[in-house]
Amino acid sequence: MTESTATGPSGGGLFEDLIEVLYAPSTVFDRSRAKKAFTYALVTAVLVGVIAFATKNLMTPWFEAQSDLALKLAAAKGKPIPDAAAASMRTFTSWGIVIGAPLTMLLGPYINAALLVLGAKLMKAPLTFAQAAIVATLGGVPRILGWIALPVQALVLDGSQARSIADLSMGPARFFDPASMPPAVLTLLGNLDVFRIWQIALIAIGVSVVARVPRSTGAVIAIIMLGIGAIMQLLPTVLSS
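Residues numbered from 1 in each chain as written. Predicted model: local features only at pLDDT ≥ 70, side-chain atom pairs only at ≥ 80, totals over all residues. Heavy atoms only, no water.

K.L.:
Provide a residue-level description of the packing of helix α5 (residues 83-122) against helix α6 (residues 129-139), including the pertinent values.
P.N.:
Relative orientation of the contacting elements α5 and α6 amounts to 125°, with a least axis distance of 8 Å. Relative to α6, α5 is oriented oblique. Judged by the sense of rotation from one axis to the other, the crossing of α5 with α6 is right-handed. Counting all contacts with α5, which are made through P109, Y110, N112, A113, A114, L116 and V117, the residues of α6 involved are F129, A132, A133, V135, A136 and T137. Class assignment of the residues belonging to the contact of α5 with α6 gives a composition of 11 nonpolar, two polar and no charged. (Axes fitted to C-alpha atoms, helices over the stretch in contact; angles between N-to-C directions. Helix = DSSP H or I, 4+ residues; strand = E, 2+ residues; numbered from the N terminus. Parallel < 35°, antiparallel > 145°, perpendicular 65-115°, else oblique. Left-handed = near helix turned anticlockwise from the far one by under 90°. Contact = heavy atoms within 4.5 Å. Nonpolar A, V, L, I, M, F, W, Y, C, P; charged D, E, K, R; others polar.)

K.L.:
Tell me about the environment of A230, and please be specific about residues and values.
P.N.:
You can see A230 is positioned in helix α10 (residues 215-240). Spatially, the C-alpha atoms of A230 and F15 are 30 Å apart, while their sequence positions differ by 215 residues.

K.L.:
Please set out the side chain of K56 residue by residue, giving values where relevant.
P.N.:
With respect to the secondary-structure elements, K56 resides in helix α4 (residues 56-76). Residues contacting K56, with those up to four places away along its chain left out, are F63, S94, W95 and V98.

K.L.:
So what about a nonpolar patch on the surface? Which residues, and what values?
P.N.:
A surface patch of nonpolar side chains, amounting to about 510 Å² of accessible area, comprises F53, W95, I99, L103 and L107. In terms of residue count, α5 provides more of the nonpolar patch than any other element does, four residues in total. Tracing the backbone shows L107 in helix α5. Taking relative accessible area as the criterion, L107 reaches 48% and is therefore assigned partly exposed. (Patch = residues over 30% accessible without salt bridge, like charges linked within 9 Å, V, L, I, M, F, W, Y side chains within 5 Å. Areas by Shrake-Rupley, 256 points an atom, 1.4 Å probe, with all protein chains shown as cover. Salt bridge = Lys/Arg side-chain N within 4 Å of Asp/Glu carboxyl O. Buried < 20%, exposed > 50% of the residue type's maximum accessible area, 1.4 Å probe, protein only.)

K.L.:
Can you break down unusual backbone geometry residue by residue, with the values?
P.N.:
Look at K124: it is not a glycine, yet its phi comes out positive at around 55°. Here K124 is to be found in the loop between α5 and α6. The phi dihedral of R212 falls on the positive side, at around 55°, and the residue is not glycine. Topologically, R212 is positioned in the loop between α9 (194-211) and α10. Judged by its relative accessible area of 36%, R212 is partly exposed.

K.L.:
Now, about the nonpolar core: what can you tell me, with residues and values included?
P.N.:
Membership of the largest hydrophobic core comes to 51 residues, with the highest contact counts inside it found for L116, L127, V135 and L138. Of all the elements in the fold, those that place two or more residues in this core are α2 (25-32), α3 (38-54), α4, α5, α6, α7 (142-156), α9 and α10. A total of nine residues in this core trace back to one element, the largest contributor, which is α5. What L138 contacts, discounting residues up to four positions off in sequence, is D17, L18, V21, V28, F29, S32, Y40 and L202. (Core = buried A, V, L, I, M, F, W, Y, C linked by side-chain atoms within 4.5 Å.)

K.L.:
So, the packing of aromatic side chains: which residues are in play, and what are the values?
P.N.:
The tally for this structure, following the rule as stated, stands at two aromatic pairs. Where F53 meets W95, the ring centres are 6.0 Å apart and the plane angle is 40°; that geometry is what we call tilted. Taken as a pair, F53 in helix α3 and W95 in helix α5 lie far apart in primary sequence, 42 residues in all. What makes F53 exposed here is its relative accessible area of 54%. Judged by relative accessible area, which is 36%, W95 ranks as partly exposed. (Phe/Tyr/Trp six-rings, centres within 6.5 Å; stacked < 30°, edge-to-face > 60°.)

K.L.:
Any details on the environment of S164? Residues and values, ideally.
P.N.:
Relative to the elements of secondary structure, S164 occurs in the loop between α7 and α8 (183-190). Among the residues examined, S164 registers a relative accessible area of 1% and is labelled buried. Separated by 99 residues in the primary sequence, S164 and A65 place their C-alpha atoms 4.8 Å from one another. In this view, S164 contacts W62, A65, Q66, L69 and P178; residues no more than four positions away in its chain are not counted. Separated by 3.0 Å, the side chain of S164 and the backbone nitrogen of A166 make a polar contact. (Polar contact = N/O pair within 3.5 Å; in protein donor to acceptor, adjacent residues only side chain to side chain.)

This is how it looks when you write it as structure tokens:
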């Protein structure tokens, strides 16, 4: 199948869409092409916020390990951080991740939507910003499962052996020593976990269905979004190294 059907069913509530997009994405995107993204983004942000806040204590060893890694890297660059500032940094890191997670779910889809529109223009696909936003928001639902997977792993893993938050990645990042791996490379590997790949696959399907273009075109547009997004994420790391 290279092109989506013209019109799909109009039914499907918000929570139905959030669940069904995981196993019937074409149907969900077809009936959601004219819907607004904000309510979906808000609900997913609240869900992730609740999960992150409720599991913060469970995740503490990995948050602290992430802070310790940053302190070691700063010292290695000849810019040691004083003890008082280090304590504040640990608090900032843990709360920064907890607060940042829902903000990413709320605002991230709109950034991705802008990148999708850019990719669509390059591929000459008819995709509006509003359509791209609903695709990006529903396509990001697997990230909720990613936030559930973190504390589940924390329950069974030894927190005393934590090296960084990358140890809980469901991708290649967990297999490398974060202390010896260049930060930019570790960031890139962290973007290649199971849930991120699932997200990109859903977005590719969504673009195909909503813009009524071949699956291959939807995949290219999703990859353009991923590539530009990765460059934007890596740039601060590269500039600070």
